[in-house]
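Residue strings, one per chain:
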Amino acid sequence: GTTLGASAAEKGRYFGAAVAAGKLSNGTYTGILDREFNSVTPENEMKWDATEPSQGRFSYTGADQIVAHAQSHGQKVRGHTLAWHSQQPGWAQGMSGSALRNAMVNHITQVATHFKGKIYAWDVVNEAFADGGSGGRRDSNLQRTGNDWIEVAFRTARAADPGAKLCYNDYNTDGINAKSTGIYNMVRDFKSRGVPIDCVGFQSHLGGLPPSDYQANLQRFADLGVDVQITELDISGSSQATAYANVVKACLAVSRCTGITVWGIRDSDSWRTGENPLLFDGNGNKKAAYTSTLNAL
Ligand code: XIL
């Protein structure tokens with residue numbers, strides 16, 4: 001193929017980008033988006049602070065704009081994210097116990113129902129595991145409601161939108177390490193107990209080449225019976241072009257790796273200010289990393 005999306009589709013995968021609703025009126029931006037990508041993830045518009053700014057009052061303006069754009073251009077939508085310690089509305093940040101648990105369940109039910117039938121895969125829970133060597137959960141207000149908060153989130157999402165694939169998503173999980181193994185053990189437990197989980201997202205915010213066991217790590221999750229996806233790929237550093245190619249090759253080598261999403265389109269769209277970690281430069285021109293990515297697909 002001659003574009004990322006078409007080439008990925010030839011391999012039975014999608015190639016997506018994180019999208020900001022406020023940029024959909026920019027012709028350079030949408031020109032690249034609609035030429036190259038066949039999946040989108042709202043960069044911020046589906047997060048708790050955006051969709052429920054005051055308790056029980058839901059706001060879908062930006063998210064609906066992105067979903068409408070995707071539907072009219074044949075792009076899948078990855079929903080991001082239903083339950084996360086970060087980017088919570090102020091009213092939720094101060095809650096705890098059963099009040100917070102009930103608020104989380106209501107939030108998931110309302111948002112997943114609003115987008116029912118339009119979401120390919122939801123990042124149901126984002127970044128719930130701790131960095132470092134513990135392999136355990138990250139402390140957060142959600143974690144303090146009880147260790148079962150993650151499975152409750154997944155069961156709630158399944159009930160609201162049975163057609164969406166339900167993913168757990170995290171970072172610093174690129175190789176086989178304590179954090180990824182903690183998540184691996186959770187997924188294995190969920191599968192053994194019938195907790196609904198369909199996929200694991202690897203954010204892959206990288207600072208150079210992926211670890212040498214990147215493919216093996218994806219494969220061990222796939223072997224548990226879940227899809228795996230690269231969900232927020234961006235790569236800084238001088239080995240960028242090679243690193244992108246290596247990530248693509250690893251995904252293609254794992255039959256259950258269903259797609260790759262880059263976390264923005266142009267370097268000027270990236271949350272990693274000054275690191276230029278994306279596939280297009282600030283003028284929308286293809287970088288060497290674009291070419292190596294396309295050639296690897
Ligand atoms: C980032 C967005 O790109 C920024 O615009 C926002 O200010 C902060 O969040 N992990 C995630 C994403 O799961 O939601 C984050 O997105 C990047 C890290």
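Residues numbered from 1 in each chain as written. Predicted model: local features only at pLDDT ≥ 70, side-chain atom pairs only at ≥ 80, totals over all residues. Heavy atoms only, no water.

### A short note on the overall build of the chain
Our working definition: What counts as a helix is a DSSP run of H or I of at least four residues, what counts as a strand is a run of E of at least two, and both are numbered from the N terminus. Both definitions apply: the radius of gyration is a C-alpha atom measure, and the globule rule equals 2.2 Å times residues to the power 0.38. Throughout this description, buried means an accessible area under 20% of the type-specific maximum (1.4 Å probe, protein chains only), exposed means over 50%, and partly exposed covers the range between. The contact rule is simple, with two residues in contact once any of their heavy atoms fall within 4.5 Å. Each accessible area value is a Shrake-Rupley result obtained with a 1.4 Å probe; residue values ignore everything except the protein chains displayed when judging cover.
Within the chain, the regular secondary structure consists of 11 helices and 9 strands. The globule rule puts the C-alpha radius of gyration for 297 residues at 19 Å, and the 18 Å found for the chain is close to it. In terms of its C-alpha atoms, the chain occupies a principal-axis envelope of roughly 50 × 40 × 35 Å. Counting across all 297 residues of the chain, residues that qualify as buried make up 59%. When contacts within the chain are restricted to residue pairs at least 6 apart in sequence, long-range pairs at least 24 apart make up 77% of them. As displayed, the chain has an accessible area near 10,800 Å², and 46% of this comes from carbon and sulfur atoms.

### A closer look at the environment of Ile 32
Mapped onto the secondary structure, Ile 32 falls in helix α2 (residues 27-36). For the pair Ile 32 and Ile 265, spaced 233 residues apart in the sequence, the C-alpha separation amounts to 7.7 Å. Not counting chain neighbours up to four residues away, the residues in contact with Ile 32 comprise Phe 37, Ile 265, Arg 266, Phe 280 and Gly 284.

### Section: helix α8 (residues 178-193)
As a reminder of what qualifies: Helix span, expected: 1.5 Å multiplied by one less than the number of residues in the helix. The term polar contact refers here to a pair of N or O atoms within 3.5 Å; inside protein, the definition further demands a hydrogen-donor-capable atom paired with an acceptor-capable atom, and it admits residues adjacent in sequence only when both atoms are side-chain atoms.
The first and last C-alpha atoms of α8 sit 23 Å apart over 16 residues, in line with the 22 Å expected at 1.5 Å per residue. The complete set of buried residues in α8 reads Lys 179, Ser 180, Gly 182, Ile 183, Tyr 184, Met 186, Val 187 and Phe 190. Buried residues along α8 sit in contact with α7 (149-160), β5 (165-170), β6 (199-202) and α9 (214-222). Sitting at the amino-terminal end of α8 is Asn 177, which places a side-chain oxygen 3.1 Å from the backbone nitrogen of Lys 179. Positive backbone phi, approximately 80 degrees, marks Gly 194, located one or two places after α8.

### What about the confidence of the model for the chain?
The condition is simple: Within a predicted model, pLDDT stands for the predictor's per-residue confidence, ranging from 0 to 100.
Overall, the predicted model of the chain reaches an average pLDDT of 98, with 100% of residues at or above 70. We note a pTM of 0.98 for the whole complex and an ipTM of 0.99 for its interfaces.

### Here we look at the environment of Glu 275
Counting through the fold element by element, Glu 275 comes out in the loop between β9 (257-262) and α11 (288-296). In this structure, the C-alpha to C-alpha distance between Glu 275 and Arg 155, residues 120 residues apart in sequence, is 38 Å.

### Side note on the UniProt feature "active site" (unreviewed entry) in the chain
Which entries qualify depends on this criterion: UniProt positions are given in the numbering used here, feature names are shortened, and annotations may be inferred rather than shown by experiment.
In the numbering adopted here, UniProt assigns the feature "active site" (unreviewed entry) to Glu 232. Structurally, Glu 232 is set in strand β8 (residues 227-235). If sequence neighbours within four positions are ignored, Glu 232 has contacts with His 80, Asn 126, Asn 169, Phe 202, Gln 203, Ser 204, His 205, Thr 261 and Trp 263. At a separation of 2.7 Å, a polar atom in the side chain of Glu 232 contacts the side chain of His 205.

### Details of the site of the ligand
How we decide: Here a residue is considered near a molecule or strand provided that any single heavy atom belonging to it is located within 4 Å of it. Lys, Arg, Asp and Glu make up the charged group, whereas Ala, Val, Leu, Ile, Met, Phe, Trp, Tyr, Cys and Pro make up the nonpolar group; the residues left over, Gly among them, are polar.
Surveying the vicinity of the ligand reveals 13 residues, the closest of which are Glu 43, Lys 47, His 80, Glu 232 and Trp 263. At 3.1 Å, a side-chain N or O of Glu 127 approaches a nitrogen atom of the ligand. Per-class residue counts for the shell around the ligand are 3 nonpolar, 6 polar and 4 charged.

### What about the nonpolar core?
We count it as follows: The set of buried Ala, Val, Leu, Ile, Met, Phe, Trp, Tyr and Cys residues whose side-chain atoms join them within 4.5 Å is what this entry labels a nonpolar core.
Counting 89 residues, the largest nonpolar core has Phe 37, Trp 122, Val 125 and Phe 154 as the members making the most contacts within it. In this view, Phe 154 contacts Val 124, Val 125, Leu 166, Cys 167, Tyr 168, Phe 190, Val 195, Pro 196 and Ile 197; residues no more than four positions away in its chain are not counted. The next biggest cluster of nonpolar side chains, apart from the first, holds 5 residues, and it includes Tyr 120, Ala 121, Cys 167 and Cys 199.

### So, the side chain of Asp 174
Within the element layout of this structure, Asp 174 appears in the loop between β5 and α8. Side chain to side chain, Asp 174 and Ser 204 meet in a polar contact 3.0 Å long. Setting aside its immediate chain neighbours within four residues, Asp 174 contacts Ser 204, Leu 206, Pro 211, Asp 213, Tyr 214 and Asn 217.

### Describing the packing of aromatic side chains
For any pair of aromatic rings, the description consists of the separation of the ring centres together with the inter-plane angle of the planes. What counts is decided by this rule: For this analysis, a ring pair means two rings from Phe, Tyr or Trp (six-membered ring only for Trp) whose centres lie within 6.5 Å, classed as stacked if their planes differ by under 30 degrees, edge-to-face if by over 60, and tilted for the remaining angles. Lysine NZ or arginine CZ positioned within 6 Å of the ring centre and within 35 degrees of the ring normal marks a charge as sitting over the ring.
Applying the stated criterion across every chain, the model contains 11 aromatic pairs. In textbook terms, an aromatic cluster arises when at least three aromatic residues are bridged by ring pairs, as seen for Phe 58, Tyr 60, Phe 115 and Trp 122. Above the face of the Tyr 171 ring, Lys 179 is positioned so that its terminal group lies 3.6 Å from the ring centre.

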